[in-house]
Amino acid sequence: MRLIFHHKLNHTDNHMALLNILEFPDSRLRKVAKPITVFDAALKQLSEDMLETMYDAPGIGLAATQVNVHKRLIVIDISENKSEPLVFINPEITPLSDQQREWEEGCLSVPGYNEVVVRPRDIRINALDINGDAFEMEPDELLAVCIQHELDHLNGKLFVDYISSFKRQRIRKKLEKAHKQRA
Ligand code: GNR
Ligand code: NI
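Okay, the pattern of salt bridges next. This model, assessed by the stated rule, comprises 11 salt bridges. The partner of R28 in a salt bridge is D26, and the shortest N-O contact between them spans 2.7 Å. In this structure, K167 and E115 form a salt bridge, with 3.1 Å as the shortest nitrogen-oxygen distance. With K167 in helix α3 (residues 165-182) and E115 in strand β6 (residues 115-120), the pair connects residues that are 52 residues apart, well separated along the chain. We classify K167 as partly exposed; its relative accessible area is 34%. When salt bridges with common partners are traced through the structure, they connect E105, R119 and D152 into a single cluster.

Rendered as structure tokens:
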């Protein structure tokens, strides 16, 4: 990965909270998130809470849509020891080649299921950091997959939308049954 610029959060805030993660087929996962225009303490708090929720799950990425906040904010950490938190605000992706890649994906909003998804292999991401400053990255491998998976969430899209409707219905029925049993 070529790192052009990225911002790391300061982990000095102790007042973090775990957020509830929406699960498929919740219709709120289909909402399109709105661009962020205000870069204040509340936004920093939301980023911290999302990172904490993601680490607790555990997962390697989380989109605000998944915690029922319909703003264009994603957090990612693909490191092994929670040491590389990344925050992307108003992210935009540009494919850099026609190459595609298959990857087995999972999702905290579709717990317990993994399916292979095909996506562009080479991308650039342009985004704002937590202070509203622009940066860009050219991620590869898992980070490129994860960024595209998270941006999909902001557009109301889930990885199960890429698989056969037969598989998707089966997953929907099983999760609905699990939700009923939980209630
Ligand atoms: O934790 C996650 N793992 C993962 C694995 C392969 C491709 C994408 C992901 S993202 C997922 C967390 C999540 O649901 N983010 O939206
Ligand atoms: Ni997901």
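This brings us to the state of the cysteines. Here, the word disulfide means a covalent bond between the sulfur atoms of two cysteines. Counted under the stated rule, the structure contains 0 disulfides. Unpaired in this structure, C146 has its nearest cysteine sulfur neighbour in C107, at a distance of 9.8 Å. Since its relative accessible area comes to 6%, C146 is described here as buried.

A word on the pairing of strand β4 (residues 86-95). Moving residue by residue along a regular strand, the side chains alternate between the two faces of the sheet. One ladder, built from 4 bridges, connects strand β3 (residues 73-76) with β4; its direction is antiparallel. Residue I74 lies in a different strand from β4, and its bridge partner there is F88. Examined bridge by bridge, β4 and strand β7 (residues 123-128) share 5 bridges and lie antiparallel to one another. Bridge pairing in β7 places I93 opposite I125.

All right, on to the side chain of Q148 then. If you trace the backbone, Q148 turns up in helix α2 (residues 141-154). Excluding its chain neighbours within four sequence positions, the residues that come into contact with Q148 are I93, R119, P120 and I123.

Before going further, it helps to spend a moment on the packing of aromatic side chains. Tallying each qualifying case throughout the model produces 1 aromatic pair. Considering the side-chain rings of F88 and F135, the 5.6 Å spacing of their centres and the 35° angle between planes classify their relative orientation as tilted. Within this pair, whereas F88 is found in strand β4, its partner F135 is found in strand β8 (residues 134-138), the two being separated by 47 residues in sequence. Like F135, F88 is buried. The ring of Y162 is capped by K157, whose NZ or CZ atom sits 4.6 Å from the centre of that ring.

Taken together, 13 residues sit near ligand 1, with I60, Q66, L108, E150 and H153 positioned nearest. Within the backbone of G61, an N or O atom sits 3.1 Å from a nitrogen atom of ligand 1. At a separation of 3.1 Å, an oxygen atom of ligand 1 approaches a polar side-chain atom of H149. In isolation ligand 1 exposes 390 Å². Once the protein is present, 90% of that is buried. Using a 2 Å cut-off from the grid points, one finds that ligand 1 occupies the largest pocket. Within the residue set of the shell around ligand 1, elements represented by two or more residues are β5 (100-105) and α2. The biggest single contributor to the shell around ligand 1 is α2, with 4 residues.

On inspection of all chains with the given rule, the structure shows 1 cavity of 30 Å³ or more. Volume-wise, the largest cavity comes out at about 40 Å³. As for the largest cavity, its lining consists of R101, W103, E105, V117, R119, P120, R121, A144, V145 and Q148.

Conventions adopted
- Residues numbered from 1 in each chain as written.
- Chains lettered and ligands numbered in written order.
- Predicted model: local features only at pLDDT ≥ 70, side-chain atom pairs only at ≥ 80, totals over all residues.
- Heavy atoms only, no water.
- Salt bridge = Lys/Arg side-chain N within 4 Å of Asp/Glu carboxyl O.
- Helix = DSSP H or I, 4+ residues; strand = E, 2+ residues; numbered from the N terminus.
- Buried < 20%, exposed > 50% of the residue type's maximum accessible area, 1.4 Å probe, protein only.
- Disulfide = S-S within 2.5 Å.
- Pairing = 2+ DSSP bridges.
- Contact = heavy atoms within 4.5 Å.
- Phe/Tyr/Trp six-rings, centres within 6.5 Å; stacked < 30°, edge-to-face > 60°.
- Lys NZ or Arg CZ within 6 Å of the ring centre and 35° of its normal.
- Near = heavy atom within 4 Å.
- Polar contact = N/O pair within 3.5 Å; in protein donor to acceptor, adjacent residues only side chain to side chain.
- Areas by Shrake-Rupley, 256 points an atom, 1.4 Å probe, with all protein chains shown as cover.
- 1 Å grid on protein atoms, 1.4 Å probe; cavity = no way out; pocket = protein on both sides within 12 Å on 5 of 7 lines; lining within 4 Å.
- Sits in = over half its atoms within 2 Å of the grid points.
- Points joined across faces, edges and corners; volume = space filled by probe spheres on them.

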